[in-house]
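Examining the three-dimensional arrangement
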Amino acid sequence: MENILELKNITKRFPGVVANDNISLDIKAGEIHALVGENGSGKSTLMNILYGLYNADEGEIYLRGEKTRITEPKQAIDHGIGMVFQHFMLVEPLTVFENVILGSEPQKRGFIDFKGAEREVARLSKEYGLKVETKSRVEDISVGQQQRLEILKALYRKAEILILDEPTAVLTPQETDELFQVMRNLKEQGTTIIFISHKIREVMEISDRVSVLRRGKLVGTKNTSATSRPELAEMMVGREVLLEVEKEKAQRGEKIFSVSDLEVRDQRGTKRVKGVSLEIHSGEILGIAGVEGNGQQEMVEAITGLLRTEKGKIYLDGKELQNLGAMQVKKKRIGYIPEDRHKRGLILDFNVADNMILGFHTEPPFVQRFFIRNEKAIKENAEKLVEEYDVRPPNIQQQVSTFSGGNQQKIIAAREFSRKPRFLICSQPTRGLDIGSIEFIHSQIIDQRDKGAGILLVSAELDEILSLSDRIAVMYEGRIVGEMPIEEADEKKLGSLMLGGEAGEDKGGDEVEAGTK
Amino acid sequence: MKLEQSSLTSREIITPIISVILALLVGAVFILIVGENPIEAYWVLFSNSLIGVSSIAATLQRATPLIFTGLAVAFAFRCGLFNIGAEGQLYVGAMAAVIVGVSFSGIPKVIHLPMAIIAGMLAGGLWASIPGLLKAKLGVHEVINTIMMNFIAYFLTDYLVTGPFHGGRWTPETARVFPTAELSRLFPPTRLNTGIFIAIAAIILVYFILWRTRFGYEIRAVGFNPTAAEYGGISVSRNMVMAMVFSGALASLAGVEQILGVHGRFIQRFSPDLGFMGIAVALLGKNHPVGVFFAAVLFGALRTGAAAMDRLTDVPRELVVIIQALIIMFVAAEELTRRLIQRRRRA
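The following refers to the structure shown. These figures come from a predicted structure and were not determined experimentally.

1. Some thoughts on the sheet that holds strand β2 (residues 17–28) of chain A
Residues and elements named next belong to chain A. Here 4 strands make up an open sheet; going across it, the order is β2-β1-β4-β5 and the pairing antiparallel. At either end of the open sheet lies a strand with only one pairing partner, and these are β2 and β5 (66–68). Strand after strand, the sheet turns through a mean of 25° between neighbouring axes, direction not considered. The pairing of strand β4 (residues 58–63) with β5 spans 3 bridges and is classified as antiparallel. For Y62, the partnering residue across the bridge sits in β5 and is K67.

Set out below in structure tokens:
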């Protein structure tokens, strides 16, 4: 196969860092080429250069053998390069096909040819197996469909090289499978795909070749069939990485936490938890598997006092906990790593020290007489935790928004674990983190378990559930549809329960389609 | 590196200063159009507002109510609320203070004056609590409600000053408050009064509350990220209401100072948009108490010098209104201002 694209000696400097350091990369026509690396390794910068959003300080781009200058996205599009960003760029009140033609509307006697455009978009959607309903409004369709719409936009503009920037970060496992199917279809039709990711498992599954970046440098390019997960992980991180979590068998203690017959409505008033009962003992991790949006978040927020419990009881050490409010729940030594760290877990505009006391700011030693803050205690607390949890940079005055995702999560973990929680809720604790940080957070969770905390782990990543849990419950449409010890669990069994049936029928597809009707 | 701290960052100090300089430069063009020498006109403007005891006193006197309204807007803003109702709150506060000021005689000043001030603060705080409650409980936007509350305040005080508390003269004003309820003049004949000390105390208090107390921590947490605040056990609605109450009490002090320290009585629609000027003061002062002080003094100086400039040169006093508007525009267009700076650095 010939090279459709060659990047030669690309260097890009930002103040203080070399984001891309002399990177040379060949992309073959018609391949799926994975670009992997930890957060901040320079993958996105490199692709933004290719798409014309940044201009390289040094280096050249050869497209189909010819030297090409790309200084703005329009040129990239004209050269048949399309890019799907992690954050979609869609106009929500418009329909799918209106979004597709936006900016390059087909005209007929001075008017937009809506009918012709819709036909063309529908044809493309069918040809590549994208399964998006062209007349639906964007705000009504699922995230997976919105992503396929972004792909459709690129194809409509005749993209031959498609860059997908961390496309699976926003998808459920089922949607990821669907995306991979689409990628295979595209490849069959001759499209070249550059797939940015930091999830090694996905890269092994879908790519033909894989290039690894680390700290702005290209570590190497491998044929996917000739490499392995541990090898890629080591290339990414620069040292050997434990992909499997090391843990002893759980020392299961007395029952500390339970919910019975819990029912919860979300903020819109829809019943999302429909009678859940659970029990968690000291020293064990109960993993809740399930496709996102099946009531897990509402259950967790009811337990933590953020949502009202409509019916049912929540007990900690035999005492009722429901509807006490978030502050009272916190005081009962319940730690909580929330699903959305930017929305719930951190105040990004506060510095590290102030974030380290969030939720404990009403308690001594952080507040003294007359509600006056104890600056010394706040500072000492932050300094101690930053060191213990290796938060980098170790500057407690620095605004949290400037930290990497991994370090932000460390700040949350440090805060929640520091008060020796009796019961701990970890909701998607490693979402969006790179391998090194995942390893760290996982070992901290196990450490809390071994110290005797009972832990409720909610995760959409089956890998994470399987490697951390001692028992696994599967949640589907607001109910627990199965529970088993870890020894009896496997991916296939859980997968079919997650889709709502023992028969294992593929309901994932239906669910996505349902949004369009 | 970005630091979150209670002091202003260098950028937060530089952009307002640059904005003021740019505004004065553009203002100079207008002075040239009038046919005067800008340097001379500005000299008259600032020498008559910043040099000499009586000039400085006059400037501080004009700054005093702006400090209060600026702090009011800044405080609410720290909780994520845009209080456009300072104008109404100061009218209601002033009226309450006047009612106490004219209704009790023969009690000592140490009791009467604080009583009048506290009555004003309570009235302003309560007045502002209404949009606060509506926002917290029903999610009604505070901008709409504070604006509407302004009109209610205008007409309510119109009624009170022409009806039940009319002072008997033919002008729409109340009777004069008893001397025991007055804020004493410091440098007669200027109208600078002890209200300036209350203003400075308020600056320190607001700073202390925001960055040194649990209440301030919660206010700022709600302002930056209400969902995370909720996660941390902080009641978003309670803090919003409390922030509005505080903001309203601060705004009302502007009215109280004008009544008990300057006019001695409530005059119908006495405020030259002090509440709305507070928004500009908070904007220029970057919602920081110390910044608010300097912004208020600058605006006070412009107003004070304007009269002299009008008298001694051909430049009309309205020029300072143009300059104020330009300052606000440049501060609001912070990005533009910053680019101008960067380009000059590169060149």
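2. Description of the packing of helix α4 (residues 86–103) of chain B against helix α6 (residues 142–162) of chain B
Residue and element names in this part refer to chain B. Where α4 contacts α6, the axes come no closer than 8 Å and their chain directions differ by 25°. Viewed along their axes, α4 and α6 adopt a mutual orientation that is roughly parallel. Here α4 runs over α6; the crossing is left-handed. Contact residues: α4 offers E87, G88, Y91, V92 and M95, while α6 offers M149, N150, I152, A153, Y154, T157 and L160.

3. Looking at the pairing of β2 of chain A
Residues and elements named next belong to chain A. Across 8 bridges, strand β1 (residues 3–14) lies against β2 in antiparallel orientation. Bridged to L7 within β2 is L25. Between the antiparallel neighbours β1 and β2 lie 2 residues, among them G16 with a positive phi of about 90°.

4. Details of the interface of chain A and chain B
Taken together, the 27 residues of chain A in the interface contact 19 residues of chain B. Contributing elements (two or more residues each) for the side of chain A that touches chain B: α10 (326–331) and α11 (341–345) of chain A. Class assignment for the residues of the side of chain A that touches chain B results in 12 nonpolar, 9 polar and 6 charged.

5. Topic: the packing of helix α3 (residues 53–78) of chain B against helix α11 (residues 274–284) of chain B
Residue and element names in this part refer to chain B. In the contact formed by α3 and α11, the axes pass within 7 Å of each other and the chain directions differ by 65°. Classified by chirality, the crossing of α11 by α3 is right-handed. On α11, the residues that touch P65, L66, T69, G70, A72, V73, A74 and F77 of α3 are L274, G275, M277, G278, I279, V281 and A282.

6. Here's the deal with the sheet that holds strand β3 (residues 32–36) of chain A
All names here are of chain A. Taken together, the 6 strands give an open sheet; going across it, the order is β6-β9-β10-β3-β11-β12, and neighbouring strands pair in mixed fashion. The open sheet has two free edges, formed respectively by β6 (81–84) and β12 (217–223), since each of these has just one partner strand. Averaged over all pairs of adjacent strands, the angle between strand axes in this sheet comes to 20°, irrespective of strand direction. As paired strands, β3 and strand β11 (residues 209–214) are joined by 4 bridges and run parallel to one another. Paired with H33 across the strands is R209, a residue of β11. Along the sheet, helix α8 (residues 229–237) makes contact with β3, β11 and β12, crossing β11 at roughly 30°.

The rules behind each value
Residues numbered from 1 in each chain as written. Chains lettered and ligands numbered in written order. Predicted model: local features only at pLDDT ≥ 70, side-chain atom pairs only at ≥ 80, totals over all residues. Pairing = 2+ DSSP bridges. Helix = DSSP H or I, 4+ residues; strand = E, 2+ residues; numbered from the N terminus. Axes fitted to C-alpha atoms, helices over the stretch in contact; angles between N-to-C directions. Parallel < 35°, antiparallel > 145°, perpendicular 65-115°, else oblique. Left-handed = near helix turned anticlockwise from the far one by under 90°. Contact = placed C-beta atoms within 7 Å. Nonpolar A, V, L, I, M, F, W, Y, C, P; charged D, E, K, R; others polar.

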